[in-house]
Amino acid sequence: MGGGKPSSKGKGAEEYGVESQSSVNAEVLVEYDAIFQDHVPIVSYYNDRITPVLDAVDRLRQLQVMKEGIQLPTIVVVGDQSSGKSSVLESLACINLPRGDGICTRVPLIMRLKHHPSLVPEIYLQYNDKTVPTDEAHIADAINLATDEIAGSGKGISDSELTLVVKKNGVPDLTLVDLPGITRVPVHGQPENIYEQIAGIIMKYISPDESVILNVLSASVDFSTCESIMMSQKVDKKGERTIAVVTKVDKSPEGLLEKVTRNDVNVGLGYVCVRNRIGNESYQDARKEEAALFATHQLLSKIDKSTVGIQVLAQKLVQIQANIIAKCLPDIVRKIDEKFNESVSELSTMPRRLLSVAEVIAAFMGIIASSKESLLKILVRGENYEYPNQKHMHCTARLAEMLDEYKAELHKCSVHTKNFMVNEIEVLQETKGIELPNTLPHTAILTIMQQKVEEISKLPRDFVEKVWAYIEYVVISVLNQYSENYHQLQLFIRRAAKKLVGKMKDRSIDWVTENVQMEKGTDYTCNPGYMKDWHALLAQQPKIIAEILAGCHQVKIEGFGDVKVGHLREFKLILPQAFDFKMRVIAYWNVVLMRMVDNMALHLQLSIRNLVSREIENVNNELVGSPDGVIERMLEEPPSVASKREKLNTSIKLLRESQEVMANIIDKIEIGGH
């Protein structure tokens with residue numbers, strides 16, 4: 001009677017305990033006896049150690065720990081529509097589920113089967129945070145009513161879960177997730193994308209590695225064309241966590257042995273062939289008929305008895321479930337602890353809610369104090385370790401680069417060789433008076449200096465605006481960093497900071513304007529470089545003038561290179577004085593440019609130090625002196641922050657309960673092991 005065995009063993013079968021009883025983890029499963037005989041209940045006993053573990057996993061599922069990214073070990077039941085999926089589940093649970101045309105299961109149905117010593121079953125539904133008791137005679141109606149409440153009264157589906165708890169004498173201790181049957185063609189009242197909706201729900205449940213896929217297949221179809229097989233192969237290519245149940249074997253027995261033996265579709269946890277209950281057969285009569293069918297049928301009797309019958313299916317599922325839970329348990333504990341610690345840590349970084357004006361002011365002053373210290377580091381002391389990889393926040397280096405660019409721009413605008421000495425000659429001619437012929441009019445120097453300063457007068461102002469724009473960016477970035485969780489405070493602080501930096505910028509612009517006017521209005525320096533440069537340049541005068549008078553069109557002047565001078569021969573009488581004048585202007589202009597850069601550097605350093613050390617404290621005064629109601633409005637926590645806080649508190653509560661659930665079950669396992 002025992003014919004060829006299906007090729008259903010392998011890595012997956014061994015891992016999930018189908019190969020032998022001894023492979024089951026001793027922590028949560030003891031040896032199973034030879035049970036599931038023809039005329040006894042599906043389960044003739046239950047394991048007092050695996051049941052608490054299943055209860056713990058179910059409790060975690062009720063807590064919705066999966067929303068925290070923690071996957072639970074799950075046996076997921078999938079199958080094409082009309083594959084006999086409901087019949088298989090009915091036979092396992094010994095209850096009647098909803099029947100009818102089209103999709104009967106419209107929501108994920110979590111079936112928790114528990115052996116119950118009492119002969120009176122206890123059955124109830126859980127959904128939408130409520131528990132609804134029912135009985136065997138009204139289970140199908142209760143499920144339909146709950147489904148309508150969850151998914152609507154039409155024929156649409158929903159991914160919101162419905163839990164059915166069946167505590168009944170003789171049922172196996174199992175938790176199964178029954179999903180809507182797969183259909184490609186929508187019927188009247190179903191959305192056009194019904195297939196995509198169902199496929200989305202199925203893929204969500206079967207994708208995690210912790211899920212075991214129970215594929216229900218009709219014996220009458222080519223397994224390789226079944227939608228449920230194709231979906232499971234997408235997430236479990238080797239079939240290591242897939243088990244198949246073949247239904248309706250009495251209607252299509254031909255070739256079944258070869259189909260389950262060849263295993264063309266990689267069902268790693270093996271096949272179990274079952275006979276569907278017919279009509280109003282009792283579950284006991286159905287099992288008798290099933291046993292007789294596989295014992296006497298000419299073709300079906302050749303299938304190995306270890307792979308046929310609802311009883312064998314129940315035994316295998318209990319084994320698989322025990323092993324996957326034992327395998328996943330340490331990871332579940334670790335992930336719950338990690339997620340709990342992460343949530344607690346994240347919540348601790350959020351500011352506590354501000355409940356009074358005094359708390360607002362204290363938080364505000366704390367933000368300013370922390371920001372001030374960071375700004376001192378990056379703007380004054382050049383300490384960049386708070387922003388090691390953010391070069392735009394390495395402020396002293398960036399400011400030094402800006403100053404170098406400013407210096408280069410000033411010198412680029414100072415061209416001394418174009419129309420060499422023409423302007424100096426013209427100024428000398430227009431400022432001469434009735435005086436000694438070799439006298440250099442002071443008015444001439446002021447005239448030239450006014451012209452040259454005017455040419456570059458826009459550069460200092462532009463530079464100041466550029467520097468303060470950068471400082472404003474830095475100050476607001478730091479303030480934002482310390483006030484990111486205080487939305488109302490942040491807006492106020494940003495406005496106050498912009499106002500403060502704007503005031504500092506205006507002061508700098510006033511200072512620059514005054515310096516430009518000073519350079520235009522007078523000439524003076526005690527810098528010895530002026531005399532040194534003038535003497536060095538003037539020493540070339542005899543040679544240069546001689547070459548000009550000799551008709552040279554171009555001469556070489558040290559420090560300037562080749563200079564065109566052909567246009568100067570007609571001014572031979574004034575050439576010596578003009579050359580002297582030109583060299584004085586060049587020597588003094590170098591001093592002016594150096595002075596403009598040096599003074600700018602000193603001014604900015606002092607201004608920035610004053611801003612950070614002293615002026616930023618005025619932002620506190622802005623708050624204290626704000627109109628009535630401004631501070632009170634800051635007590636209102638922004639929706640995004642309030643939502644984040646609520647979510648973290650919810651997660652922490654859920655994870656703390658989950659930790660307690662796991663701690664209790666581990667204690668029971670350890671006590672039971674001694």
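That block above? That's the structure.
Within any chain, residue numbers begin from 1 and follow the written order of that chain's sequence. Selection of residues for local features in this predicted model requires a pLDDT of at least 70, selection of side-chain atom pairs for listing and counting requires 80 or more, and totals for whole chains, interfaces and linings are taken over all residues. Note: side-chain values were computed over all heavy atoms of the structure, leaving out hydrogens and water.

J.: What am I meant to see in unusual backbone geometry here?
T.: Across residues other than glycine, the phi torsion is negative in most instances, and most of the peptide bonds are trans. For Cys-94, which is not a glycine, the phi torsion comes out positive at approximately 55 degrees. Residue position: Cys-94 is located in the loop between helix H3 (85-93) and strand S2 (109-115). Phi is positive for Met-421, close to 70 degrees, though the residue is something other than glycine. Relative to the assigned elements, Met-421 resides in the loop between helix H11 (395-412) and helix H12 (422-431). Per the convention used, a helix needs a DSSP run of H or I reaching at least four residues, while a strand needs a run of E reaching at least two, with both numbered from the N terminus.

J.: Just to check I follow, could you spell out the side chain of Glu-424 for this structure?
T.: Here Glu-424 is to be found in helix H12. Polar contact is defined as a pair of N or O atoms within 3.5 Å, subject to the rule that within protein one atom must be able to donate a hydrogen and the other to accept it, and that residues adjacent in sequence are counted only when both atoms are side-chain atoms. Polar contacts involving the side chain of Glu-424 include one to the side chain of Lys-582, which spans 3.3 Å. When residues no more than four places from it in sequence are discounted, the contact partners of Glu-424 are Ile-448, Ala-578, Phe-581 and Lys-582. In what follows, a contact means two residues having at least one pair of non-hydrogen atoms within 4.5 Å.

J.: Help me out: how do you make sense of the side chain of Ser-374 in this one?
T.: Counting through the fold element by element, Ser-374 comes out in helix H10 (residues 357-381). Buried means the residue's accessible area, taken with a 1.4 Å probe over protein chains only, is under 20% of the maximum for its type, while exposed means over 50%, and partly exposed covers the values in between. Residue Ser-374 is classed as buried on the basis of its relative accessible area of 0%. Excluding residues that lie within four positions of it along the chain, Ser-374 makes contacts with Glu-386, Val-478 and Tyr-482.

J.: When you look at the sheet that holds strand S7 (residues 211-218) in this model, what are you seeing that I'm missing?
T.: Consider a sheet: its strands pair through backbone hydrogen bonds, and that pairing is either parallel or antiparallel. When DSSP finds two or more bridges between two strands, those strands count as paired. With mixed pairing, 9 strands are arranged side by side in an open sheet as S4-S3-S5-S2-S6-S1-S7-S8-S9. In this open sheet, the two strands that pair with only one neighbour each are strand S4 (130-134) and strand S9 (271-273). Mean inter-strand twist for the sheet, computed between neighbouring axes without regard to direction, equals 25 degrees. Note: S7 against strand S8 (residues 242-247), 6 bridges, orientation parallel. Residue pairing for S8: Leu-214 is matched across the bridge by Ile-243. Note on method: axes are straight lines fitted to C-alpha atoms, helices fitted across the in-contact stretch only, with angles between N-to-C directions ranging 0 to 180 degrees.

J.: So what exactly am I meant to see when it comes to the packing of H10 against H11 here?
T.: Packed helices, taken two at a time, are described by their axes: the angle between them and the distance between them. Viewed as axis vectors pointing N to C, H10 and H11 meet at an angle of 35 degrees, and their least axial separation amounts to 6 Å. Here Ile-378, Leu-379 and Val-380 of H10 come into contact with H11, specifically with Cys-395, Thr-396 and Leu-399. Grouping the constituent residues of the contact of H10 with H11 by class yields 5 nonpolar, 1 polar and no charged. Side-chain classes are defined by residue name, with Ala, Val, Leu, Ile, Met, Phe, Trp, Tyr, Cys and Pro counting as nonpolar, Asp, Glu, Lys and Arg as charged, and the others, Gly among them, as polar.

J.: Looking at this model, I keep getting lost on the pattern of salt bridges. Mind explaining?
T.: Here the idea is simple: oppositely charged side chains can pair when their charged atoms come close. Salt bridges are identified by distance alone: a Lys or Arg side-chain nitrogen within 4 Å of an Asp or Glu carboxyl oxygen. Following the criterion strictly, the structure yields 35 salt bridges and no others. Measuring nitrogen to oxygen at the nearest pair gives 3.8 Å for the salt bridge that ties Asp-173 to Arg-112. One end of the pair, Asp-173, is in the loop between strand S5 (162-168) and strand S6 (174-178); the other, Arg-112, is in strand S2, with 61 residues separating them in the sequence. As far as burial versus exposure is concerned, Asp-173 and Arg-112 are alike and both buried. Between Glu-657 and Lys-653 there is a salt bridge, and its shortest N-O distance comes to 2.9 Å. One end of the pair, Glu-657, and the other, Lys-653, are both in helix H21 (residues 639-672), 4 residues apart, so they sit about a helical turn from each other. Given the relative accessible area of 54%, Lys-653 is considered exposed.

J.: Sorry if this is basic, but what is going on with the nonpolar core here?
T.: Nonpolar side chains tend toward joint burial in soluble globular proteins. In terms of nonpolar packing, the biggest core is built from 93 residues, with Leu-375, Ile-378, Leu-379, Tyr-406, Phe-420 and Leu-489 touching the most fellow members. Ranked by residues supplied to this core, first place goes to helix H18 (residues 575-613) with 21 residues. For Leu-379, the residues in contact, after removing those within four places along its chain, are Cys-395, Thr-396, Leu-399, Val-474, Val-475, Ile-608 and Val-612. Residues Leu-72, Leu-97, Ile-150 and Leu-655 belong to the second largest nonpolar core, which totals 64 residues. As used in this record, nonpolar core signifies buried Ala, Val, Leu, Ile, Met, Phe, Trp, Tyr and Cys residues forming a set joined through side-chain atoms within 4.5 Å.

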